[in-house]
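Inside the fold
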Amino acid sequence: MAQLTTPAPAVSRRPKVRWWRGVVLLLAGLYFVVPLAASFWFSIDDPQGISFEAYTGLLSAPGFLDSLWLTLGLAVVTVLVLLLLLVPALIAVRLGSPRLRPVVDVLCTLPLVVPPVALTAGLIGVLRWGPDYLMDTPFFQTFVFVQDPDFPLVLVIAYVLMALPLAYRALDAGLRSVDVRTLVEAARNCGASWPRAVFTVVLPNLRGALLNASFLTLALVLGEFTAASILGFQPFPVWIYSVGNSQAHMSVAVSILSLLLTWLLLLLLATAGRERRTKTATS
């Protein structure tokens, strides 16, 4: 006769407390929070007591809104130019010329080895080139147009070159996670044209990569100081530096607000990407 064996009682295992994770998060939080708290205290500390004048006087500060809107406009144009350059190029390389991927990789990451000072010096040399007898030609007028102080397009050129490696890596990572060729061939078999296949099939699957590239570019433009300062323009980072020479409390207050603005944009982009993935998963 077969012997009946009683199952062994289940042994309850207590979940292991990974205390080191809490320690790491605590140290990381202190690393960011303590300098931010110290800066905030410095911005409100006054010999007569606590004062929030550095924050309440921002809107009336000369040049604050002009420099802020200029920086945001430059950031939007830089993001659009980068996406219009990189997205079609990377999709075309993956679909038509996979052997060119190493060449594109080297070209897009090349600005990493060029310091911003050297890049800006090269732009200055190009902008100063041209003999005087070309002054009335469209060629010379183009150089004058890109240096318009109201909206210096030369800064867009500099920002595009600086942000090119960051945006390229973000988009390349998104393209690696998507089978672009299969998606395009399926859309083409269903009767879609090439532009429709890209806009309705490929780009929706790259929404996370597009958001990441946009945020990295935006963060770079909001904090870039070297090129704008050397070229003689005054976007938001240069304005913060100029204010710091005379009003240190207001300079720190603006720096804190710009940091919080960057974090807010990051949270909005992350939330938008998460909502998109949730809708895709439920549909």
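Residues numbered from 1 in each chain as written. Predicted model: local features only at pLDDT ≥ 70, side-chain atom pairs only at ≥ 80, totals over all residues. Heavy atoms only, no water.

1. Section: the overall build of the protein
When helices and strands are counted, the protein shows 13 helices and two strands. Carbon and sulfur atoms form 67% of the exposed surface of the protein, whose accessible area is close to 18,500 Å². (Helix = DSSP H or I, 4+ residues; strand = E, 2+ residues; numbered from the N terminus. Areas by Shrake-Rupley, 256 points an atom, 1.4 Å probe, with all protein chains shown as cover.)

2. Details of the packing of aromatic side chains
Per the counting criterion, the structure on display carries five aromatic pairs. Between Phe-64 and Phe-236, the aromatic rings sit 5.8 Å apart at their centres with planes inclined by 65 degrees, giving edge-to-face as the arrangement. Taken together, the residues Phe-64 in helix α3 (residues 64-96) and Phe-236 in helix α12 (residues 236-244) connect sequence positions 172 residues apart. The class for Phe-64 is buried, based on a relative accessible area of 9%. Using a relative accessible area of 5% as the deciding quantity, one classes Phe-236 as buried. Chaining the aromatic ring pairs together yields one cluster made of Phe-64, Phe-236 and Trp-239. (Phe/Tyr/Trp six-rings, centres within 6.5 Å; stacked < 30°, edge-to-face > 60°. Buried < 20%, exposed > 50% of the residue type's maximum accessible area, 1.4 Å probe, protein only.)

3. Observations regarding the pattern of salt bridges
For the structure shown, the criterion picks out three salt bridges. Arg-169 is the salt-bridge partner of Asp-105, the closest N and O atoms lying 3.0 Å from each other. In this pair, Asp-105 is assigned in helix α4 (residues 101-109) and Arg-169 in helix α7 (residues 153-176), connecting sequence segments 64 residues apart. For Arg-176, the salt bridge identified is with Asp-172, shortest N-O distance 2.7 Å. Taken together, the residues span about one helical turn, with Arg-176 and Asp-172 both in helix α7 at a distance of four residues. Given the relative accessible area of 54%, Arg-176 is considered exposed. Residue class for Asp-172 comes out buried when judged on its relative accessible area of 6%. Through salt bridges with shared partners, one network takes in Arg-94, Asp-172 and Arg-176. (Salt bridge = Lys/Arg side-chain N within 4 Å of Asp/Glu carboxyl O.)

4. Describing the confidence of the model for the protein
When the pLDDT values of the protein are averaged, the result is 80; 87% of them are 70 or greater. Here helix α13 (residues 248-282) stands out as the least confident element of the protein, with mean pLDDT 71; α7 is the most confident, with 90. (pLDDT = per-residue confidence, 0-100.)

5. Some thoughts on the packing of α3 against helix α8 (residues 180-189)
As a packed pair, α3 and α8 sit with axes 9 Å apart at the nearest point and diverge in direction by 85 degrees. By the angle between their axes, α3 is roughly perpendicular relative to α8. Contacts between α3 and α8 involve Ile-91, Arg-94 and Leu-95 from the first element and Val-180, Arg-181 and Val-184 from the second. Classifying every residue of the contact of α3 with α8 gives four nonpolar, no polar and two charged. (Axes fitted to C-alpha atoms, helices over the stretch in contact; angles between N-to-C directions. Parallel < 35°, antiparallel > 145°, perpendicular 65-115°, else oblique. Contact = heavy atoms within 4.5 Å. Nonpolar A, V, L, I, M, F, W, Y, C, P; charged D, E, K, R; others polar.)

6. Quick notes on the environment of Phe-40
Locating Phe-40 in the fold gives a position in helix α1 (residues 19-44). Since its relative accessible area comes to 36%, Phe-40 is described here as partly exposed. Separated by 213 residues in sequence, Phe-40 and Ala-253 place their C-alpha atoms 7.0 Å apart. Discounting chain neighbours no more than four positions away, the residues touching Phe-40 are Phe-52, Tyr-55 and Ile-256.

7. Observations regarding helix α5 (residues 116-127)
When the terminal C-alpha atoms of α5 are compared, their 16 Å separation across 12 residues agrees well with the 16 Å that a helix rising 1.5 Å per residue should span. Those residues of α5 lying buried are Leu-119, Thr-120, Leu-123 and Leu-127. Across the axial projection of α5, the buried residues extend over an arc of 95 degrees, all falling on one side. If you follow the buried residues of α5, they end up packed against α6 (138-145), α7 and α11 (226-231). (Expected span 1.5 Å × (residues − 1). Arc of directions from axis to C-beta.)

8. Topic: a nonpolar patch on the surface
Side chains of Trp-19, Trp-20, Val-23, Val-24, Leu-26, Leu-27, Leu-30 and Val-34 sit close together on the surface and give an oily, nonpolar patch of about 840 Å² of accessible area. Looking at where Trp-19 falls in the secondary structure, it is placed in helix α1. (Patch = residues over 30% accessible without salt bridge, like charges linked within 9 Å, V, L, I, M, F, W, Y side chains within 5 Å.)

9. Things to note about the nonpolar core
One finds Leu-74, Leu-82, Leu-86, Ile-91, Leu-155, Leu-171 and Val-180 to be the most contacted residues of the largest nonpolar core, which totals 43 residues. Going through the elements one at a time, α3, α4, α7, α8, α9 (194-205), α10 (207-223) and α11 are the ones with two or more residues in this core. Ranked by residues supplied to this core, first place goes to α7 with 12 residues. Those residues in contact with Leu-86 that sit more than four places away from it in its chain are Cys-108, Leu-164, Ala-167, Tyr-168 and Leu-171. Core analysis: the next-biggest nonpolar cluster, separate from the first, contains 10 residues, Phe-64, Ile-240, Val-243 and Val-254 among them. (Core = buried A, V, L, I, M, F, W, Y, C linked by side-chain atoms within 4.5 Å.)

10. Overview of the side chain of Thr-109
Structurally, the position occupied by Thr-109 is in helix α4. Its relative accessible area of 17% is what places Thr-109 among the buried residues. Of the polar contacts made by the side chain of Thr-109, one reaches the backbone oxygen of Val-106; its length is 3.4 Å. Residues in contact with Thr-109, not counting those within four places in the same chain, are Pro-165, Tyr-168 and Arg-169. (Polar contact = N/O pair within 3.5 Å; in protein donor to acceptor, adjacent residues only side chain to side chain.)

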